[in-house]
Amino acid sequence: MDGHGKGVFCRFGLSWSGVVVVAGCLLVLGLAAGTALAQKAGPLTFGVLLPATGPLAESGKTSRVALDMAQADINAYMAASNQGGQATFLFENTGSSPEQALEKLKSLAGRGVRVVIGPFSDDEAEACLEFADKNNILLISQGSSGPFLSKKGDNLFRLSPSDTYQAEAVTGLMRQEGATAIVPLWRGDRFGDDMTVHVKARFKQLGGEALPGSRYAPDRKDFTPILDDLAKQVGQAQRSGKAPKVAIYYVGGEEVVPILKAAAKRPELAGLGWYGSSATAMLDAIAKDPESAAAAMKVRLTSPRYGEGGANVYGQVERRIQEKTDTFPDTQSVVAYDAAWAAFFTAQSVGGATDFARFKQGFVTTCERMYGATGWLALNEHGDRREDWDFDFWVLKNDGGKYFWEKSARYQFEPGTAKELFISSGQTK
């Protein structure tokens, strides 16, 4: 029995040579209405939608390498177990564009593909979902996490934790570190609006006060009036006496660089602790700009990022990706690796990837019992990851004039246990 009391599960590891070693793979026992292990599924073909160009290209690059690794490892596993056959991944570039993602999905559908890993982003997934639902195509996203896409019965399954969990993690850290009020500052797009709503609500549930905050348009260049408004609200909160410790909650992208520079010159803002979102966690644009980096250290900007999995194999997969890309990979790329194995195991258990209804039902059962590199893949009723999700918090440090990101805390969730917050180092202002 596994730790959940649900029966068999699978842990897989990797040798240093990169050949997959699968141990204890009783995963498919009882799956797909009792279908026997390793049916003759024939050639297994899966589609992949990745952003090879555009703003999300860096994430697309690491996910591509992870899926190339998964394809090689899966085929090595089949050869080692004398199963025969090959797994093939058909890659298409979404260009980080919802419209292009839909075009490429239609192209894959025209080639007979019924199971697709991706798309990576919420906007791409949303653009593809109606077509996928109408044409019996299963989407397995490693990156989409927006709560607005959580729906029962659709054909989108998501293996990264919902942004509501990110809100839970960051507000838990805020309260742990003494913040009694937050003033949000955010870019007015879907991600910024959603995260701010969830963070405000969660912070209030924890007994804190959430002020209206300041919202700015995605194309804004002059942040002076926005910071004026932010400073005004901070002053009001401090003078009221109801919120002795105010913090800034920031949601935005690379425009954080000029914002931090300007805020550093305002004592009423530079004297506060700042908390970010996953968009600012380990953001190179901050670290590579000395003035912005110094400002981030001054306010101790602390940002959450979907955390490393608890399995030993996580680090091995991460290192393999890093060796091939010379980039510290995002966790979603390791999720992509897990997604490939989950799709493969499902195809094994149901006899291929062409019977859509059987595959969709089998995929849910596979995830319920699979422990991958990122942990338990079990899904909730909306097809979103239910179990293992942790968040690491990152802050900038300086050593001899060189800025680097360091993990400062971890919000850890283990199935069947209470959530725990671990503070690694330092204190916020």
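All values reported here derive from a predicted model rather than from experimental measurement. (Residues numbered from 1 in each chain as written. Predicted model: local features only at pLDDT ≥ 70, side-chain atom pairs only at ≥ 80, totals over all residues. Heavy atoms only, no water.)

A. Region of interest: unusual backbone geometry. For the peptide bond that leads from Gly118 to Pro119, omega is -5°, which places it in the cis range. Inspection of the secondary structure assignment puts Pro119 in the loop between β5 (115-117) and α3 (122-134). Residue Asn136 is not a glycine yet carries a positive backbone phi of 55°. Along the polypeptide, Asn136 turns up in the loop between α3 and β6 (138-141). Judged by its relative accessible area of 39%, Asn136 is partly exposed. The phi dihedral of Arg300 falls on the positive side, at around 50°, and the residue is not glycine. On the basis of relative accessibility, which here comes to 10%, the residue Arg300 falls in the buried class. (Helix = DSSP H or I, 4+ residues; strand = E, 2+ residues; numbered from the N terminus. Buried < 20%, exposed > 50% of the residue type's maximum accessible area, 1.4 Å probe, protein only.)

B. Focus on the nonpolar core. If you look at the biggest cluster of nonpolar residues, it comprises 70 residues, and the most contacted ones within it are Phe46, Met174, Phe359 and Phe363. In terms of residue count, helix α12 (residues 331-350) provides more of this core than any other element does, 13 residues in total. Apart from residues no more than four positions distant in its own chain, Phe363 is found in contact with Leu138, Ile140, Phe157, Ala342, Ala343, Thr346 and Leu379. Counting 35 residues, the second largest nonpolar core, distinct from the first, contains Leu227, Ile259, Ala295 and Val299. (Core = buried A, V, L, I, M, F, W, Y, C linked by side-chain atoms within 4.5 Å. Contact = heavy atoms within 4.5 Å.)

C. Summary view of the pairing of strand β17 (residues 402-412). Judged from the nine bridges that link them, strand β16 (residues 391-399) and β17 form a sheet pairing that is antiparallel. Residue pairing in the sheet places Asp392 in a bridge with Arg410 of β17. Counting the residues in the hairpin turn of β16 and β17 gives two residues, including Gly400, whose phi is positive at 65°. (Pairing = 2+ DSSP bridges.)

D. Representation of the environment of Val65 in the model. Structurally, Val65 can be placed in helix α1 (residues 57-80). Since its relative accessible area comes to 13%, Val65 is described here as buried. Separated by 257 residues in the primary sequence, Val65 and Gln322 place their C-alpha atoms 9.2 Å from one another. Those residues within four positions of Val65 in sequence are excluded, and the remaining contacts are Ile321, Lys324 and Thr325.

E. Highlighting the packing of α12 against helix α13 (residues 356-369). Close contact between α12 and α13 brings their axes to 9 Å; oriented N to C, the two are set at 120°. As judged from the angle between their axes, α12 and α13 are oblique. For the pair α12 and α13, the crossing hand works out as right-handed. Packed against α12, whose contacting residues are Ala342, Ala343, Phe345, Thr346, Ala347, Ser349 and Val350, the element α13 presents Arg358, Phe359, Gly362, Phe363, Thr366 and Cys367 at the interface. Here the residues of the contact of α12 with α13 are counted per class, giving eight nonpolar, four polar and one charged. (Axes fitted to C-alpha atoms, helices over the stretch in contact; angles between N-to-C directions. Parallel < 35°, antiparallel > 145°, perpendicular 65-115°, else oblique. Left-handed = near helix turned anticlockwise from the far one by under 90°. Nonpolar A, V, L, I, M, F, W, Y, C, P; charged D, E, K, R; others polar.)

F. Representation of the pairing of β16 within the structure. Direction of pairing for strand β13 (residues 303-306) relative to β16: antiparallel, over a ladder of four bridges. Its bridge partner being in β16, Ser303 is matched across the sheet by Trp394.

G. Looking closely at the packing of aromatic side chains. Under the definition given, this model contains 15 aromatic pairs. An angle of 35° between the planes, with centres 5.6 Å apart, marks the rings of Phe46 and Phe89 as tilted. Here Phe89 lies in strand β4 (residues 87-93) and Phe46 lies in strand β3 (residues 44-50), a separation of 43 residues in the sequence. We classify Phe46 as buried; its relative accessible area is 0%. Take Phe89: its relative accessible area is 6%, and that puts it in the buried class. Ring centres 5.5 Å apart and planes at 45° place the aromatic pair Phe344 and Phe345 in the tilted group. Residues Phe344 and Phe345 agree in their burial class; the two are buried. (Phe/Tyr/Trp six-rings, centres within 6.5 Å; stacked < 30°, edge-to-face > 60°.)

H. Focus on the pattern of salt bridges. Within the structure shown, the criterion is met by 18 salt bridges. Asp193 serves as the salt-bridge partner of Arg215, at 2.9 Å between the closest nitrogen and oxygen. Taken together, the residues Arg215 in strand β10 (residues 214-216) and Asp193 in helix α5 (residues 190-205) connect sequence positions 22 residues apart. We note a salt bridge from Arg410 to Asp392, for which the minimum N-O separation is 2.5 Å. Of this pair, Arg410 sits in strand β17 while Asp392 sits in strand β16, and the two are 18 residues apart along the sequence. Owing to a relative accessible area of 2%, Asp392 belongs among the buried residues under this scheme. (Salt bridge = Lys/Arg side-chain N within 4 Å of Asp/Glu carboxyl O.)

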